[in-house]
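# A closer look at the structure
Here's the letter readout for the chains.
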Amino acid sequence: MDLKTLKTFHAIVKYGSFNRAAQVMNYVQSTVTMQIQKLEAEMGVSLIERGSGKELRLTEAGRWFYNQSLEIVKNLEQLQSSLSEMRSGEAGHLRLGATEPTASYRLPGILGRFMSIYPNIRISVDIANTPVLGERVRQGEIAFALATAPGLGSGLSFEPLFAEEFAVLLPENHPLAEKEIIEPEDFQGHRLLITSATCPYRRKLETILQEKGEVALDTMEIGSMTALKFYVRNGLGIALVPKIAVEPETKETTVRMISGSLIHMTFGLLRLESAYPLRGAAEKLYHYLKQELASG
């Protein structure tokens, strides 16, 4: 018993004729007759009988089978449709990763537009730092990630898309607030609030200071980028943060620009080098993110 045979049986019931069912199904009548004979043999009962004047009618078993098979055909058609959409990338479940501030400030609007175009694609978002997301990509836990560039020899491919502009967030009464532009060496002697020990802008700042022969930074780890502004407001330190995350400025804080290469941090798409080309829904989302973030 297959879906085609069930649909043929339903057509016979609907039109009351083998010949009309054959026309609708685009079969020759002998094919329809053979399908029904095979179906009855599989079921072990007669489903259709001919009345006077070649009128067709369902047997008691035929009526029961017809009523029960309506839902079966409906479910099988939905299953076929879903599988077809998955093959074409129109449906599926994707898990991707994203670092902050992209996850909170850029991704929601983009995913909202994408999911309005592809309502049958479900998306889950893992939020973490680049090393964690890189490992999840390698383990196959997420399809790809929006993050900063991975380390050399990671086995990951990185496609840069946009530059996040960074600034310094300070308490409004902080000594550095008197400066219009802050230099990297100005961070010396002031506590820098960071999101993690592997924070990419911390590493970048430390590299610049080492090149200038300066001493190590005084840092304090705060696990959430969203929380940084509140720690700054309470005078616990200053923070190097994406401008997108501090506009408008929070009460009792101020923002200053930074000179040199600390102004920008490159973000892009992180995936397995061996996972190319992507397939199905993953490919559609990957290219949609490229289009939206590169143009934004």
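In this text the structure is predicted, and so the values were computed from the model without any measurement.

Another point: the pattern of salt bridges. One pass over the structure, following the stated rule, counts eight salt bridges. Across the salt bridge formed by Glu135 and Arg138, the nearest N and O atoms sit 3.0 Å from each other. You can see Glu135 and its partner Arg138 sitting in helix α6 (residues 130-138), three residues apart, about one turn around the helix. On the accessibility criterion, Glu135 (34% relative accessible area) is partly exposed. We note a salt bridge from Lys290 to Glu159, for which the minimum N-O separation is 3.0 Å. Placement of the pair is Lys290 in helix α9 (residues 280-295) and Glu159 in strand β6 (residues 156-171), with a sequence separation of 131 residues.

The subject of this paragraph is the packing of aromatic side chains. In the structure shown here, the tally under the stated rule is six aromatic pairs. Both rings, one in Phe9 and one in Phe65, keep their centres 5.5 Å apart while their planes meet at 65°; by these two values the pair is edge-to-face. Here Phe65 lies in helix α4 (residues 60-88) and Phe9 lies in helix α1 (residues 3-15), a separation of 56 residues in the sequence. The same class applies to Phe9 and to Phe65, which are both buried. A relative accessible area of 0% means that Phe9 is categorised as buried.

With that settled, the discussion passes to the nonpolar core. Counting 54 residues, the largest nonpolar core has Phe144, Phe187, Tyr201, Leu285 and Leu289 as its most contacted members. Within the second largest apolar cluster, 17 residues are counted, among which are Leu6, Ala21, Leu47 and Phe65.

Quick look at helix α5 (residues 102-117) now. In this model, α5 (16 residues) spans 21 Å end to end at C-alpha, consistent with the 22 Å of a helix rising 1.5 Å per residue. Along its length, α5 shows its largest kink, about 40°, at Pro108. Within α5 the residues assigned to the buried category are Thr102, Ala103, Leu107, Ile110, Leu111 and Phe114.

This part covers the pairing of strand β4 (residues 121-127). The side chains of a regular strand alternate, first on one face of the sheet and then on the other. The pairing of strand β3 (residues 92-98) with β4 spans seven bridges and is parallel. Its bridge partner lying in β4, Leu94 is registered against Ile123. Read as a crossover between parallel neighbours, the route from β3 over α5 to β4 is right-handed.

Here the focus is helix α7 (residues 200-211). The end-to-end C-alpha distance of α7 is 17 Å, a good match for the 16 Å that 12 residues give at a rise of 1.5 Å each. Listing the buried residues of α7 in full gives Tyr201, Arg202, Leu205, Ile208 and Leu209. Seen end-on, α7 carries its buried residues on one side only, within an arc spanning 130°. For α7, the exposed residues lying more than 90 degrees away from the buried face are Gln210 and Glu211. Its buried side turned inward, α7 meets β6, β8 (192-194), β9 (219-221), α8 (225-233), β10 (238-242) and β12 (264-272).

Here the focus is the packing of α1 against helix α3 (residues 29-43). Where α1 meets α3, the closest approach of the two axes is 10 Å, and the angle between their N-to-C directions is 110°. Considering their axes alone, α1 and α3 lie roughly perpendicular with respect to each other. Contact with α1, carried on its side by Lys4, Thr5, Thr8, Phe9 and Ile12, involves Val32, Gln35, Ile36 and Leu39 of α3 and no other residues of that element. In terms of residue class, the contact of α1 with α3 is built from five nonpolar, three polar and one charged.

Our next topic: the side chain of Ser157. Mapped onto the secondary structure, Ser157 falls in strand β6. Ignoring any residue separated from it by four or fewer positions in sequence, one finds Ser157 in contact with Leu269, Leu270, Arg271, Leu272 and Glu273.

Quick look at the pairing of β3 now. Most of β3 sits out of view: five of its seven residues are buried. Across two bridges, the pairing between β3 and strand β5 (residues 145-147) is parallel. When the bridges of β5 are listed, Gly97 appears paired with Ala145.

Quick notes on the rules
- Residues numbered from 1 in each chain as written.
- Predicted model: local features only at pLDDT ≥ 70, side-chain atom pairs only at ≥ 80, totals over all residues.
- Heavy atoms only, no water.
- Salt bridge = Lys/Arg side-chain N within 4 Å of Asp/Glu carboxyl O.
- Helix = DSSP H or I, 4+ residues; strand = E, 2+ residues; numbered from the N terminus.
- Buried < 20%, exposed > 50% of the residue type's maximum accessible area, 1.4 Å probe, protein only.
- Phe/Tyr/Trp six-rings, centres within 6.5 Å; stacked < 30°, edge-to-face > 60°.
- Core = buried A, V, L, I, M, F, W, Y, C linked by side-chain atoms within 4.5 Å.
- Expected span 1.5 Å × (residues − 1).
- Bend = angle between axes of the 7 residues up to and from the residue.
- Pairing = 2+ DSSP bridges.
- Right-handed = clockwise from strand over helix to strand, strands pointing away.
- Arc of directions from axis to C-beta.
- Contact = heavy atoms within 4.5 Å.
- Axes fitted to C-alpha atoms, helices over the stretch in contact; angles between N-to-C directions.
- Parallel < 35°, antiparallel > 145°, perpendicular 65-115°, else oblique.
- Nonpolar A, V, L, I, M, F, W, Y, C, P; charged D, E, K, R; others polar.

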